[in-house]
Amino acid sequence: PSFSVAPEKGFYYCFGCHASGNAIKFLMELEHLTFVEALERLANRANIPLPEAKLSPEQRARDERRKKLYEASDLAATFFHNCLTQTSIGKVGLDYLKKRGLTQETIETFKLGFAPDGWDKLYRAFHERGIDDSILLELNLVRKNQKGQFYDFFRNRIMFPIMDGKGRVVAFGGRVMDDSTPKYLNSPETRLFKKSNLLYGMNIAKSHIRKNNTVLLVEGYLDVIQMMQHGIMNCVAPLGTSLTKEQVKSIIRQTYNFTLVFDGDSAGITASERACLLISEHNGHARVVRLPENKDPDEYLNYYGKEKLLRLIESPQESISFFLENAIKKNGNERIDQKLKTIEDLAPLIQNMTTRLEYENSIDKISKELVLSTYAVID
């Protein structure tokens with residue numbers, strides 16, 4: 001009732017929360033879009049062509065080069081996918097994925113692929129199609145040795161196309177099917193791909209994150225794929241690195257609520273703590289799901305099933321409880337010096353809290369667990 005729209009002026013105002021603006025800002029707020037994304041959507045809806053910017057010859061050349069890079073990336077994804085699904089050389093990869101519990105529909109949805117175990121199969125296929133070598137080199141699909149010979153960067157690996165927010169293929173992750181190393185090989189950064197900015201699965205998860213008002217953060221490609229195959233769609237993963245501030249900001253455009261479902265081992269616990277701190281620095285709210293020590297979400301789903309995982313996701317630990325439990329386990333809780341070390345470990349998280357209620361609740365929880373007065377904890 002307090003929301004007012006003036007169509008003739010193209011303006012809205014809410015007397016309750018004092019939000020105001022025009023149609024573009026309304027769509028940005030409602031759908032968590034950037035200005036350009038909102039403008040493009042409204043223009044398409046009204047069938048109004050957006051004016052083209054006047055570009056210099058250099059800018060046109062850069063745009064044309066960028067277009068060719070996108071086309072080659074998409075063609076590479078198709079090449080890997082066809083190798084997996086339509087050739088005998090990809091059977092080993094297809095068998096591996098089906099053994100991991102992936103359906104044909106999931107393989108198609110994520111356009112999973114297989115890089116042949118040959119020296120230059122992709123290079124020769126692309127060279128014959130007339131794709132410039134410099135495009136392949138810039139995308140890091142091929143490399144060049146000291147003798148001037150080209151060879152494929154990805155060989156004998158399951159291939160995961162990495163897509164940007166618009167669903168365009170910009171890079172790849174390749175996984176071995178045995179115990180050889182490195183287990184994962186990711187595309188180096190290019191003008192299309194900045195791994196600190198992107199999250200795997202975001203192109204699919206974005207609308208589900210907004211709908212659920214929370215994001216589920218996992219560690220790996222297969223974790224995202226398995227969870228989405230089981231209908232858990234608001235799920236994304238960093239790209240082979242720790243969570244970055246750019247990724248946190250990207251998620252915060254959709255929701256401030258983060259649920260971390262990292263691996264249950266010590267590395268996963270450490271990664272969860274780092275992520276909680278980073279999220280709190282940007283005013284996000286982080287909670288943590290504890291998985292068994294030897295399980296990741298992919299394995300947990302295959303072993304225990306969707307319902308058990310959902311029960312864990314629906315009752316996560318608040319970040320302060322997670323930190324406190326870890327600190328006591330590491331430091332002990334008998335001597336004063338052990339209690340002081342625990343408080344010291346919790347200080348960065350406490351300092352990032354933005355509301356008085358959250359701060360006081362956390363201090364109260366720490367004091368009760370350590371059997372100290374709130375004044376001792378604050379001091």
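Anyway, here's the lowdown on the structure attached to this text. Every value quoted in this text rests on a predicted model; they were computed, and no experiment measured them.

Read across the open sheet, the three strands follow the order E1-E2-E3; overall the sheet is antiparallel. Strand pairing shows two members of the sheet lacking a second neighbour, strand E1 (3-6) and strand E3 (20-21), which therefore form its edges. Pairing analysis gives two bridges linking strand E2 (residues 11-14) to E3, with the strands arranged antiparallel. Looking at the pairing, Tyr 12 lines up with Gly 21 of E3.

Overall, the coordinates contain 14 salt bridges when judged by the stated rule. The shortest N-O distance in the salt bridge between Arg 191 and Glu 138 comes to 2.5 Å. Of this pair, Arg 191 sits in the loop between strand E9 (184-186) and helix H8 (202-212) while Glu 138 sits in helix H7 (residues 133-138), placing them 53 residues apart in sequence. Counted as one network, the salt bridges with shared partners bring together Arg 65, Glu 138 and Arg 191.

Turning next to the sheet that holds strand E7 (residues 157-163). Read across the sheet, four strands follow the order E4-E7-E8-E9 without closing on themselves; strand pairing throughout is antiparallel. The sheet is open, and its two borders are formed by strand E4 (113-115) and E9, each paired with just one other strand. Adjacent strand axes in the sheet meet at a mean angle of 35 degrees when their direction is disregarded. The pairing of E4 with E7 spans three bridges and is antiparallel. Bridge pairing in E7 places Ala 115 opposite Arg 157.

Right, let's talk about the pairing of strand E12 (residues 257-260) for a bit. Here strand E10 (residues 215-217) pairs with E12 via three bridges, running parallel. Along E12, the bridge assignment pairs Leu 216 with Thr 259. Taken together, the four bridges between E12 and strand E13 (residues 285-288) define a ladder with parallel strand orientation. Within E13, the position partnered with Leu 260 by the bridge is Val 288.

Viewed as axis vectors pointing N to C, helix H14 (residues 319-331) and helix H16 (residues 356-370) meet at an angle of 25 degrees, and their least axial separation amounts to 11 Å. The angle between the axes of H14 and H16 places the two elements in the roughly parallel class. The two elements H14 and H16 cross, and the hand of that crossing is right-handed. For the pair formed by H14 and H16, the contact residues are Ile 320, Ser 321, Leu 324 and Ile 328 on the first element and Ser 362, Lys 365, Ile 366, Glu 369 and Leu 370 on the second. A class-by-class count of the residues in the contact of H14 with H16 yields five nonpolar, two polar and two charged.

Turning our attention to the side chain of Ser 272. Looking at where Ser 272 falls in the secondary structure, it is placed in helix H11 (residues 266-281). According to the relative accessible area criterion, Ser 272 is buried, its value standing at 3%. When near neighbours in sequence (up to four residues on either side) are disregarded, Ser 272 contacts Leu 260, Phe 262, Val 288 and Phe 322.

On to helix H13 (residues 306-313), then. For H13, the full list of buried residues reads Leu 309, Leu 310 and Ile 313. Each buried residue of H13 lies within a common arc of 100 degrees when the element is viewed along its axis, so the set occupies one face. In H13, those exposed residues whose orientation departs by more than 90 degrees from the buried face are Glu 307 and Arg 311. The elements touched by buried residues of H13 are E10, helix H9 (221-229) and helix H12 (297-304).

Summed over all chains, the structure comprises 18 aromatic pairs. Summarising the aromatic geometry, the rings of Phe 3 and Phe 26 are spaced 6.1 Å apart at their centres and angled 40 degrees between planes, so their arrangement reads as tilted. You can see Phe 3 sitting in strand E1 and its partner Phe 26 sitting in helix H1 (residues 23-31), a full 23 residues away along the chain. The exposure class of Phe 3 is partly exposed, given its relative accessible area of 41%. Taken together, the ring pairs in this structure connect Phe 79, Phe 80, Phe 126, Phe 153, Phe 154 and Phe 172 into an aromatic cluster. For the cation-ring pair, Lys 295 lies above Tyr 303, with the distance from its terminal atom to the ring centre recorded as 4.8 Å.

Let's shift gears to unusual backbone geometry. Following Thr 181, the chain continues to Pro 182 via a peptide bond in cis, the omega torsion being -5 degrees. A positive phi angle, near 55 degrees, is found at Asn 47, a position not held by glycine. Assessed through its relative accessible area of 68%, Asn 47 is described here as exposed. For Asn 213, which is not glycine, the phi torsion reads 55 degrees and is therefore positive. When you line up the elements, Asn 213 lands in the loop between H8 and E10. A residue is classified by how much of its surface remains accessible, and Asn 213, at 41% relative accessible area, is partly exposed.

Thresholds, definitions, all that
Residues numbered from 1 in each chain as written. Predicted model: local features only at pLDDT ≥ 70, side-chain atom pairs only at ≥ 80, totals over all residues. Heavy atoms only, no water. Pairing = 2+ DSSP bridges. Helix = DSSP H or I, 4+ residues; strand = E, 2+ residues; numbered from the N terminus. Salt bridge = Lys/Arg side-chain N within 4 Å of Asp/Glu carboxyl O. Axes fitted to C-alpha atoms, helices over the stretch in contact; angles between N-to-C directions. Parallel < 35°, antiparallel > 145°, perpendicular 65-115°, else oblique. Left-handed = near helix turned anticlockwise from the far one by under 90°. Contact = heavy atoms within 4.5 Å. Nonpolar A, V, L, I, M, F, W, Y, C, P; charged D, E, K, R; others polar. Buried < 20%, exposed > 50% of the residue type's maximum accessible area, 1.4 Å probe, protein only. Arc of directions from axis to C-beta. Phe/Tyr/Trp six-rings, centres within 6.5 Å; stacked < 30°, edge-to-face > 60°. Lys NZ or Arg CZ within 6 Å of the ring centre and 35° of its normal.

Read these as spatial facts, not as claims about activity.
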